[in-house]
Amino acid sequence: MAHRVQLKCNFVRFVSLAVAVTILTCHLERFASLAGNAVLAKPEKGERNLLDEWRRKNGIVIFALGDSITAGVGLDNPDMDCYAVLFSRMLAKWLAPTRVKLIRHGIPGATTDVGLREIDFVASNSPDLVLLQFGGNDSRSRYPLELIKANLAGMIERLRKVSNVKIMLIVPPFQTPKPDSPVAEAIRALAREANVAMADFDRALHEQEHDFRGWFSPPPTHPAEYSHVIMAKELWDALHRMLGIKRPLETRIGTGVTWLEGDAMFELPIAVSNLSRRLLGAELTVEHADVWHHWAIAIDAESNAECKVKLKPPIARSLKFVRERITAVARCDDGLSWDVKWATWTPALHCDNSAMWLGNERIDGWLEFASYDHVVLGGQRWRGRDDLSFRMRLRRCDDGKLLRMNILVNDDVVIVKPAWDFSCLLFGDCVEVFIDHRPPQEQGKPFFDEDVTMLAMVPGSKVVRIASWSFDEAEPTFTKPSGKWLNVGVEADFTATGYSIELTIPTVIFKGLPAISFDVLVDDTDERGGRAKQMAAFGWANNFRNPSPFALLLLSRPNKMPRWRLAIN
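Residues numbered from 1 in each chain as written. Predicted model: local features only at pLDDT ≥ 70, side-chain atom pairs only at ≥ 80, totals over all residues. Heavy atoms only, no water.

### Focus: the pairing of strand E26 (residues 515-524)
No. 1: Among the 10 residues that make up E26, 10 are buried, leaving the element largely enclosed by the rest of the structure.
No. 2: Judged by which residues are buried, E26 turns out to be covered on both faces: Ala-515, Ser-517, Asp-519, Leu-521 and Asp-523 on one side and Ile-516, Phe-518, Val-520, Val-522 and Asp-524 on the other are all buried.
No. 3: Alignment of strand E20 (residues 430-436) against E26, held across 7 bridges, turns out to be antiparallel. Across the sheet, the residue bridging to Asp-436 is Ser-517, located in E26.
No. 4: By the bridge criterion, 4 bridges tie E26 to strand E28 (residues 551-554) in an arrangement that is antiparallel. When the bridges of E28 are listed, Ser-517 appears paired with Leu-552.
No. 5: Of the strand pairs in this sheet, E26 and strand E27 (residues 533-536) are connected by 4 bridges, and their pairing is antiparallel. Looking across to E27, one finds that Leu-521 is bridged to Ala-536. (Buried < 20%, exposed > 50% of the residue type's maximum accessible area, 1.4 Å probe, protein only. Helix = DSSP H or I, 4+ residues; strand = E, 2+ residues; numbered from the N terminus. Pairing = 2+ DSSP bridges.)

### Re the nonpolar core
No. 1: With 46 residues, the main nonpolar core has Met-392, Ile-407, Val-431, Val-433, Leu-455, Phe-518 and Val-520 as its most contacted residues.
No. 2: Setting aside residues up to four positions removed in sequence, Met-392 forms contacts with Met-356, Trp-366, Leu-367, Phe-369, Met-405, Asn-406, Ile-407, Phe-518, Val-520, Ala-537 and Phe-538.
No. 3: The next biggest cluster of nonpolar side chains, apart from the first, holds 44 residues, and it includes Tyr-83, Phe-201, Met-231 and Trp-338. (Core = buried A, V, L, I, M, F, W, Y, C linked by side-chain atoms within 4.5 Å. Contact = heavy atoms within 4.5 Å.)

### Side note on the packing of helix H5 (residues 83-95) against helix H11 (residues 225-243)
Angle between the axes and distance between the axes: these two values describe a pair of packed helices.
No. 1: The interhelical angle for the contact between H5 and H11, taken along N-to-C directions, is 45 degrees, at an axis separation of 8 Å. On the basis of their axis angle, the class for H5 and H11 is oblique. Pair H5 / H11 crosses with right-handed handedness. Packed against H5, whose contacting residues are Tyr-83, Leu-86, Phe-87, Met-90, Leu-91 and Trp-94, the element H11 presents His-228, Val-229, Met-231, Ala-232, Leu-235, Trp-236, Leu-239, His-240 and Leu-243 at the interface.
No. 2: Across the contact of H5 with H11, the residue classes break down as 13 nonpolar, 2 polar and no charged. (Axes fitted to C-alpha atoms, helices over the stretch in contact; angles between N-to-C directions. Parallel < 35°, antiparallel > 145°, perpendicular 65-115°, else oblique. Left-handed = near helix turned anticlockwise from the far one by under 90°. Nonpolar A, V, L, I, M, F, W, Y, C, P; charged D, E, K, R; others polar.)

### Some thoughts on the sheet that holds strand E11 (residues 304-311)
No. 1: What the 3 strands build is an open sheet, ordered E6-E8-E11; its pairing is antiparallel. The open sheet has two edge strands, strand E6 (249-253) and E11, and neither has a second partner. Strand-to-strand, the axes of this sheet are offset by a mean angle of 20 degrees, without reference to chain direction.
No. 2: Relative to strand E8 (residues 266-274), E6 runs antiparallel, the two being bridged by 5 bridges. Across the sheet, the residue bridging to Thr-251 is Val-272, located in E8.

This is the structure:
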């Protein structure tokens, strides 16, 4: 009997232990899920073969063949910001520890026949994935559609003969109001006929906010960093379509404009969306200003999670803008999503009839721009403040009905070209004033619309010209002020050390806006061969493309005076 009792007790202990282990296992699985270790439902075996093959290799090679867009023309740092670089870096994070090598072979001006001649060189590098980006130059050169398709088809055929390489055909951006240009449609048709993956840059850019003058405006410029992020994300989506994998996550860095006091902090939201129908655990990493932030988050099915990164204002007291890259990467087992944005800090100014303020700091004299920091073109030729520098003073007069801008330019050699055409910017001395008079929440976006205006003035003239570009203009059209700009006036006189400009703008133009954004550029020719130097008050030489570095000018004084305008885009 004692033996049976002992067996019964042991059985009870065993059952209790099993139940406890089961409960503990459930809790551990739940904890692992919340900690970011939930497993994504895997795609079918056939769909995973390529991804598994890449992960088993010691390294893979991506070859990006294309024209000036692949070369990164128009970017300040192509080796960081070109679409192919962004794409390959994210792929390296996804496949880690597998190494990803990018060979970027962009040939400015290249047409499809040039690409066809380069295919043997591409194949000799034994690539695993080839990105083919051609068509824009063919379109401008009016190549026949059948020739364009034949050249692209020839590239695909040659690559398929020499290796088992995967090919992605890119529809490049076209300078058209809609994504339906004949060459774009021809490339889309070829992708279907040849059964190759396609990344449609043209459609992706058309579907996002963009410059109303197009991606190449003013010609001959090229897509900027903002557009390259859109193109890289379209390439990322195309890769998933090629692999047959649905993206489980989407990562979005918040955008917008805010005004901040000098010591204020801004909390930037980073959203991660779960696109699947099950609970996912994810790891989110955000890089900003050489600092890394990490979170482990759990996201319910078809829901969002949000983390916030604190952004600190720049320490520097310079009037120049400060631009910081923000990269967010979210990972959940086999899934990876990402986003890239820029935080641009610019000074906030205020003026009345007696003085100016930079934040809460009163400025009784002039703002001076006489250092190398403000030379945005021709720095190697700049010989100091007597060669080129300027001062600026802002006033609101006539009970705030007028905004008066005085600019004193030091220039040892003054060359004057008439203000009625584009030559005054490139072959003569000139002052350019840019004004962003969109609603405050729209100011600071990295592209123009019709409420961003450029005024041009030349020494010794009482003429103001307004510059504008359209889709098909290679040079801006210079027009006399009309409509709401009709009463803008200028006085421009020569001085012993250069020249002076007094620009008067009726504030009724701004329709009651509490603030505008603006910048001033001074062009210096020195010789008759063309512009040698350019100085900017707040921004850079690319102001005619990107208004995000413009300074804020408050037209009414708020209770709390901001020191910075922060634009995230």
